[in-house]
Structure formats: structure tokens, C-alpha cells
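The residues making up each chain are set out below.
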Amino acid sequence: LRLFKSFHAQPRLAVVTKTLTAASQDLLHFSIVMVSVYVCLAVAAVVLFGEDVEEFSTLDRAAMTCFRVLLGEYDWDQMASVGRVLAGIWLWFFVVIIDLLLLNMVLAILMDAYQV
């Protein structure tokens, strides 16, 4: 917190805190949507892969594995052992919704606040 307070002394660094302050309300509301979608996809992963893939056996493990999928680290062979079609649909849905849509919306919110 002190680090961000020290940004006010330097005008170029103050842009960061001003942008985050301007976008804070939108980011809060968006985080509710993002967490809801993320949890729904983690629950779907538990339902689809939980019995056969150890990484998806519980909700907390599925949430961590979904974060690893978000970063691009996943074991396709284990997921495909349940069924290639189901694994492919879930993976594409996760990548499109979380990676492409929701993370780009975060950038759009920040860029909109930056222009203010």
C-alpha cells in the first residue's frame, strides 16, 4: 500500500494509481462475474473429469487445475481419457470464455479508465 502512495510523487507513476482508482468499481463488479463463471467451469470439470482424472477429483483441485489450464499447462491425454469430444468441448469453452473473452474485458475496463 505504501508503494502505491509513493506513486503520487511521480506523475508518470501516478497514472497507475489513478487508473486503478477510476476502474475499481467496474473491476469489482466484473470480478463477481468472472468468479461465477470460473467456479461454474470448475464444477463442470469436476462433473466431467472428476471420477477419472485426479486433478479434477475435488472442487479445490479442479479450481487449481483450471488456473493451470488458464496458463496453458494441462494434460490433454488424461482429459481425453474421459472422452475426446467432451474434453475438447470443455477445453475450448474454457479457453474462449475465460482466456479470450473475460481477460480481454479486464483489459477493456482498464483501458477505458485510463482514458478518463
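On a predicted model such as this, the values are computed, not experimentally measured, just so you know.

S.K.: What exactly am I supposed to notice about the packing of aromatic side chains here?
M.R.: Pairs of aromatic rings are described using the distance from one ring centre to the other and the angle between the two planes. Summed over all chains, the structure comprises 5 aromatic pairs. Their ring planes at 85° and their centres at 5.7 Å tell us that phenylalanine 49 and tryptophan 90 sit as a pair that is edge-to-face. Placement of phenylalanine 49 in helix 2 (residues 11-49) and of tryptophan 90 in helix 5 (residues 84-115) is noted, with a sequence separation of 41 residues between them. Taking the relative accessible area as the measure of exposure, tryptophan 90 reaches 4% and is therefore buried. Note on phenylalanine 56 and tryptophan 90: the rings are 5.8 Å apart at their centroids and 75° apart in plane angle, and the pair reads as edge-to-face. With a gap of 34 residues between them, phenylalanine 56 in the loop between helix 2 and helix 3 (59-70) and tryptophan 90 in helix 5 connect regions that are remote in the sequence. Accessibility classification places phenylalanine 56 together with tryptophan 90 in one group, the buried group.

S.K.: Explain the nonpolar core here, please?
M.R.: Nonpolar side chains tend toward joint burial in soluble globular proteins. Membership of the largest hydrophobic core comes to 24 residues, with the highest contact counts inside it found for Phe49, Phe56, Cys66, Met79, Trp90, Phe94 and Ile98. Elements that contribute at least two residues to this core include exactly helix 2, helix 3 and helix 5. Looking at this core element by element, the count peaks at 9 residues for helix 5. When sequence neighbours within four positions are dropped, the list of residues in contact with methionine 79 reads Phe49, Val53, Phe56, Tyr74, Ala87, Trp90 and Leu91.

S.K.: Explain the side chain of threonine 17 to me, please; I cannot follow it from the model alone.
M.R.: Relative to the assigned elements, threonine 17 resides in helix 2. In this structure the side chain of threonine 17 is engaged in a polar contact, spanning 3.0 Å, whose partner is the backbone oxygen of alanine 14.

So, how was this worked out
- Residues numbered from 1 in each chain as written.
- Predicted model: local features only at pLDDT ≥ 70, side-chain atom pairs only at ≥ 80, totals over all residues.
- Heavy atoms only, no water.
- Phe/Tyr/Trp six-rings, centres within 6.5 Å; stacked < 30°, edge-to-face > 60°.
- Helix = DSSP H or I, 4+ residues; strand = E, 2+ residues; numbered from the N terminus.
- Buried < 20%, exposed > 50% of the residue type's maximum accessible area, 1.4 Å probe, protein only.
- Core = buried A, V, L, I, M, F, W, Y, C linked by side-chain atoms within 4.5 Å.
- Contact = heavy atoms within 4.5 Å.
- Polar contact = N/O pair within 3.5 Å; in protein donor to acceptor, adjacent residues only side chain to side chain.

These values are about where atoms sit, not about what they do.
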